[in-house]
Amino acid sequence: MISGWCRRFLVAGLLWAASPAGISAAETPRRVVSMNVCTDQMAMLLADKGQLYSVSYLAADASTSALADDAKRYVLNHGLAEEIFLMKPDLVIAGTYTTRTTVDLLKRLGFVVEEFAPEVSIAEVRTNLRRMGKILGRQQRADALVAAMDAEIARLQAMNLSEVELALYYANGFTSGSGTLVADIVGIAGLENLAERLGISGTGKLSLEALVLARPDLIAVDASPDRGPALARQTFDHPAFRAISAGHRAVQLDSRYTICGGPFTLIAAGILQQAAMTLGGVKPDMGKR
């Protein structure tokens with residue numbers, strides 16, 4: 001049996017010997033491989049028919065991908081250099097924080113690799129969609145998606161609610177404060193984010209005690225498919241949490257709409273807004289702004 005280091009050495013040698021010349025940045029790619037769940041979804045939304053060949057296996061996971069059903073039409077990859085090489089792509093798309101070894105090796109072998117940073121705001125979602133459209137030669141399609149997003153944002157923001165405070169509460173007691181995509185979604189929905197009132201930025205801890213004392217109007221919890229009992233979710237079974245989230249005060253927010261940025265992200269804003277409107281007769285204040 002070939003040892004792990006020997007296998008990697010042989011694979012690297014094979015790839016080096018047969019490395020492609022790549023394509024120039026000015027050419028429109030015809031065979032695209034994406035290795036990141038967020039770039040997967042942008043590429044699926046924008047690519048021309050037959051242009052996108054492969055997406056990551058996470059794109060087909062309904063707990064992380066809003067386009068899981070669409071992903072089943074493509075070859076799935078696991079971000080391994082040897083499998084990507086054998087697909088012979090003329091463009092590889094990746095995230096800035098994932099599969100670093102594979103990305104670095106593919107670059108050394110001459111593949112064209114475009115990297116995308118995760119979005120922390122709707123403004124960055126617009127930017128990345130337009131950039132993806134340019135890379136794929138699908139700028140018109142990207143502009144249309146951005147325009148549709150802007151129209152939906154305008155519709156959501158027109159429904160100005162009376163002040164409603166929301167707590168985002170995840171497994172292990174984490175929440176999202178300023179500088180996150182989810183916080184931007186809360187703002188678009190017209191709600192106040194408890195984490196920001198408490199001075200939490202980025203993804204941070206929100207203790208159950210602090211949550212109970214703050215008494216937010218709404219609590220958004222992850223609605224991802226249940227994968228069985230887990231210590232990370234034991235707080236949701238605590239009597240104090242059950243009491244504070246009783247009635248209409250808890251809203252199920254599917255994380256697949258918030259993990260990555262895209263037009264589907266605004267579905268989350270709509271869910272939060274509708275939940276706020278069911279609170280004790282809260283009505284949209286159309287003349288607030």
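This is a predicted model, so every value here is computed, not measured.

Spatial strand order, β3-β2-β1-β4-β5: five strands in an open sheet with parallel pairing. Strands with a single pairing partner mark the edges of an open sheet, and in this sheet they are β3 (75-77) and β5 (113-116). Across the sheet, the mean angle from the axis of one strand to that of its neighbour is 20 degrees, orientation sign disregarded. Two strands pair when backbone bridges link them, and strand β4 (residues 91-95) and β5 are joined in this way by four bridges, in the parallel orientation. By the bridge assignment for β5, Ile 93 is matched with Glu 114. On the sheet, helix α5 (residues 100-108) packs against β4 and β5 and is oriented at approximately 145 degrees with respect to β5. Against the sheet, helix α6 (residues 122-135) makes contact with β4 and β5, and its axis sits at roughly 170 degrees relative to β5, the strand it touches most.

On to the environment of Leu 52. As for its placement among the helices and strands, Leu 52 is situated in strand β2 (residues 52-56). The exposure class assigned to Leu 52 is buried, which follows from its relative accessible area of 7%. Once the C-alpha coordinates of Leu 52 and Arg 31 are considered, the two residues, 21 residues apart in sequence, prove to be 5.9 Å apart. Among all residues touching Leu 52, those that are not within four sequence positions of it are Val 32, Ala 43, Met 44, Ala 47 and Tyr 74.

This part is about the state of the cysteines. One pass over the full model with this rule turns up one disulfide. The residue that forms a disulfide with Cys 38 is Cys 260, at a sulfur-sulfur distance of 2.0 Å. Negative torsions about the S-S bond denote left-handed disulfides, and the value of about -80 degrees found for Cys 38 with Cys 260 makes this one left-handed. Residue Cys 38 is found in helix α2 (residues 37-46), and its partner Cys 260 is found in the loop between β11 (250-253) and α12 (265-277); the two are separated by 222 residues along the sequence. Looking at Cys 38, the relative accessible area reads 14%, which means it is buried.

It is worth spelling out the side chain of Thr 258 at this point. Along the polypeptide, Thr 258 turns up in the loop between β11 and α12. In this structure Thr 258 comes out as buried when scored by relative accessible area, which is 13%. In contact with Thr 258, not counting residues within four places along its chain, are Leu 181, Val 182, Ile 185, Leu 253 and Ala 268.

Applying the stated criterion across every chain, the model contains two aromatic pairs. Relative to Phe 111, the ring of Phe 85 has its centre 6.0 Å away and its plane inclined at 85 degrees; by these criteria the two rings are edge-to-face. Within this pair, whereas Phe 85 is found in helix α4 (residues 81-87), its partner Phe 111 is found in the loop between α5 and β5, the two being separated by 26 residues in sequence. Neither Phe 85 nor Phe 111 differs from the other in exposure class; each is buried.

Inspection of the secondary structure assignment puts Ser 63 in the loop between β2 and α3 (68-71). For Ser 63, the side chain forms a polar contact with the side chain of Asp 61, separated by 2.7 Å.

All right, on to the pattern of salt bridges then. Within the structure shown, the criterion is met by 12 salt bridges. Of the charged contacts in the structure, one is a salt bridge between Arg 126 and Asp 150, with a shortest N-O distance of 2.7 Å. Of this pair, Arg 126 sits in helix α6 while Asp 150 sits in helix α7 (residues 139-158), and the two are 24 residues apart along the sequence. Glu 165 is the salt-bridge partner of Arg 197, the closest N and O atoms lying 2.6 Å from each other.

Right, let's get into α5. Since there are 3.6 residues in each turn of an α-helix, residues three or four apart along the chain are aligned in direction. Listing the buried residues of α5 in full gives Thr 102, Val 103, Leu 105 and Leu 106. Projection of α5 onto a plane perpendicular to its axis shows the buried side chains occupying an angular sector of 170 degrees, all on one side. Looking at α5, the residues exposed on the side facing more than 90 degrees away from the buried face are Thr 101 and Arg 108.

Rules used in this analysis
Residues numbered from 1 in each chain as written. Predicted model: local features only at pLDDT ≥ 70, side-chain atom pairs only at ≥ 80, totals over all residues. Heavy atoms only, no water. Pairing = 2+ DSSP bridges. Helix = DSSP H or I, 4+ residues; strand = E, 2+ residues; numbered from the N terminus. Axes fitted to C-alpha atoms, helices over the stretch in contact; angles between N-to-C directions. Contact = heavy atoms within 4.5 Å. Buried < 20%, exposed > 50% of the residue type's maximum accessible area, 1.4 Å probe, protein only. Disulfide = S-S within 2.5 Å. Phe/Tyr/Trp six-rings, centres within 6.5 Å; stacked < 30°, edge-to-face > 60°. Polar contact = N/O pair within 3.5 Å; in protein donor to acceptor, adjacent residues only side chain to side chain. Salt bridge = Lys/Arg side-chain N within 4 Å of Asp/Glu carboxyl O. Arc of directions from axis to C-beta.

That is the geometry; function is a separate question.
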